Amino acid sequence: MTIAAGFRFNEGVLVCADTQFSSPSVKLYGTKLHGLISSGDKTIDTVFAMSGTDGHMQMAVSVCEEALCHINETETLDVFTIQTALSDALARLYEKHFFPHKLYGYQGGPDASLLIAVWTSDCDEAMLFWTNETTVNPVSGYKCIGSGAEIATYVLAPIIDNQKPPTLDEAIRLATHALKAAKDADPYCGGKSEFAVIDNGGSTSPVTSFDISAGEVYSQTFQGILRELFFAIGRDRDGGIKATIEKLRKKAPEIRREQQLGQTARALLFRNLLSRN
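Residues numbered from 1 in each chain as written. Predicted model: local features only at pLDDT ≥ 70, side-chain atom pairs only at ≥ 80, totals over all residues. Heavy atoms only, no water.

Enquirer: Any chance you could break down the nonpolar core for me, citing the residues and the numbers?
Expert: In terms of nonpolar packing, the biggest core is built from 26 residues, with Ile82 and Leu114 touching the most fellow members. Taken together, the elements giving at least two residues each to this core come down to strand 6 (43-52), helix 1 (56-69), helix 2 (79-98), strand 7 (112-120) and strand 8 (127-132). The greatest single-element share of this core, amounting to seven residues, is contributed by helix 2. Non-local contacts of Leu114, meaning those with residues more than four positions away in its chain, are made with Phe48, Ala49, Met50, Met57, Ala60, Val61, Cys64, Phe129, Trp130, Thr131 and Ile145. (Core = buried A, V, L, I, M, F, W, Y, C linked by side-chain atoms within 4.5 Å. Buried < 20%, exposed > 50% of the residue type's maximum accessible area, 1.4 Å probe, protein only. Helix = DSSP H or I, 4+ residues; strand = E, 2+ residues; numbered from the N terminus. Contact = heavy atoms within 4.5 Å.)

Enquirer: Any details on helix 4 (residues 168-185)? Residues and values, ideally.
Expert: Its 18 residues give helix 4 an end-to-end C-alpha distance of 26 Å, which sits within 8% of 26 Å, the value for a rise of 1.5 Å per residue. The element helix 4 is largely enclosed, with a buried count of 13 among its 18 residues. (Expected span 1.5 Å × (residues − 1).)

Enquirer: Go over the packing of helix 3 (residues 149-156) against helix 4, please, and point to the residues and values.
Expert: In a packed pair of helices, the relevant descriptors are the angle between the two axes and the axis-to-axis distance. Where helix 3 contacts helix 4, the two axes come as close as 8 Å, and the packing angle between them is 135 degrees. The angle between helix 3 and helix 4 places the two elements in the oblique class. Considering only the axes of helix 3 and helix 4, their crossing is right-handed. Where helix 3 abuts helix 4, its residues Ile151, Ala152, Val155 and Leu156 lie against Leu174, His177, Ala178, Ala181, Ala182 and Ala185. Looking at the contact of helix 3 with helix 4, its residues break down into nine nonpolar, one polar and no charged. (Axes fitted to C-alpha atoms, helices over the stretch in contact; angles between N-to-C directions. Parallel < 35°, antiparallel > 145°, perpendicular 65-115°, else oblique. Left-handed = near helix turned anticlockwise from the far one by under 90°. Nonpolar A, V, L, I, M, F, W, Y, C, P; charged D, E, K, R; others polar.)

Enquirer: Any details on the side chain of Thr19? Residues and values, ideally.
Expert: Among the structural elements, Thr19 can be located in the loop between strand 2 (12-18) and strand 3 (20-22). Residue Thr19 is classed as buried on the basis of its relative accessible area of 7%. Those residues in contact with Thr19, other than ones at most four positions away along the chain, are Leu28, Tyr29, Gly30, Lys32, Gly190, Gly191, Lys192 and Glu194.

Enquirer: I'd like to hear about the pattern of salt bridges, residue by residue, with values.
Expert: Across all of its chains, the model carries six salt bridges by this definition. Residues Glu125 and Arg8 are paired through a salt bridge, measuring 3.2 Å at the closest nitrogen-oxygen approach. Linking Glu125 in the loop between strand 7 and strand 8 with Arg8 in strand 1 (residues 4-9), this pair joins segments that are 117 residues apart in sequence. For Glu125, a relative accessible area of 37% translates into the label partly exposed. Arg249 is the salt-bridge partner of Glu246, the closest N and O atoms lying 2.5 Å from each other. Of this pair, Glu246 and Arg249 both sit in helix 7 (residues 238-261), separated by three residues, roughly a single helical turn. (Salt bridge = Lys/Arg side-chain N within 4 Å of Asp/Glu carboxyl O.)

Enquirer: Go over the environment of Tyr142, please, and point to the residues and values.
Expert: Positionally, Tyr142 belongs in strand 10 (residues 142-145). Through-space distance from the C-alpha of Tyr142 to that of Arg8 is 6.2 Å; in sequence the pair is 134 residues apart. Tyr142 has contacts with Gly6, Phe7, Thr153, Leu156, Ala157 and Ile160, leaving out every residue within four places of it along the chain.

In structure tokens, the structure reads:
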């Protein structure tokens with residue numbers, strides 16, 4: 001169980017995830033991001049974000065990495081080639097380890113979903129894919145996976161501009177907002193947040209972990225005003241709507257101050273994500 005999200009921004013791809021591993025009896029913490037650089041005649045850089053059953057999701061990452069490393073070097077490493085290699089590898093994995101499992105399809109049974117950021121020396125921009133069982137799908141804007149995915153998608157949908165990719169700073173703010181909402185609402189999401197970037201030139205950042213709770217606190221005020229506006233529209237005449245909008249105007253400095261609480265952490269996160277290999 002987890003919350004992970006991937007965003008295409010104007011210079012590459014950002015992936016992020018929480019760090020909580022949950023079971024009915026215990027909560028553990030560890031990384032759900034994994035990167036690989038494969039160098040040969042052609043180069044493939046990847047960052048994976050994992051969601052699912054502990055052990056099975058790591059196996060899914062391993063077979064996908066193996067598949068990418070063994071693509072015939074005479075092939076063009078484009079979206080179609082990458083998608084085909086990944087889906088073929090997952091089909092073999094599911095046929096051997098997932099589908100025969102007696103608990104497959106039930107709670108506690110094997111499950112794995114991945115976000116995969118990929119850059120290859122044959123393409124001029126980073127790619128982003130998400131998996132569902134044996135299917136692999138390109139992502140054009142953003143995608144959330146894990147038990148907190150519906151909550152994260154719900155809070156992102158009203159503030160995403162589908163016609164204009166965000167900057168890296170904007171993508172970090174969107175990711176932080178989505179992760180905060182999922183952690184607040186889903187008991188299976190929690191811990192620190194981790195981030196990694198692959199840019200369109202093929203440079204990959206280190207996986208960067210931060211406790212960005214201070215930087216996330218602005219979401220509470222923002223969400224509270226959204227709730228007030230929602231109810232004002234439904235139950236009131238123009239007066240209630242105007243009052244809520246006026247409250248938002250007055251609260252804007254407070255929201256800015258709350259954001260500034262996490263400014264140092266976000267600035268350090270931003271600098272680390274700009275520090276590419």
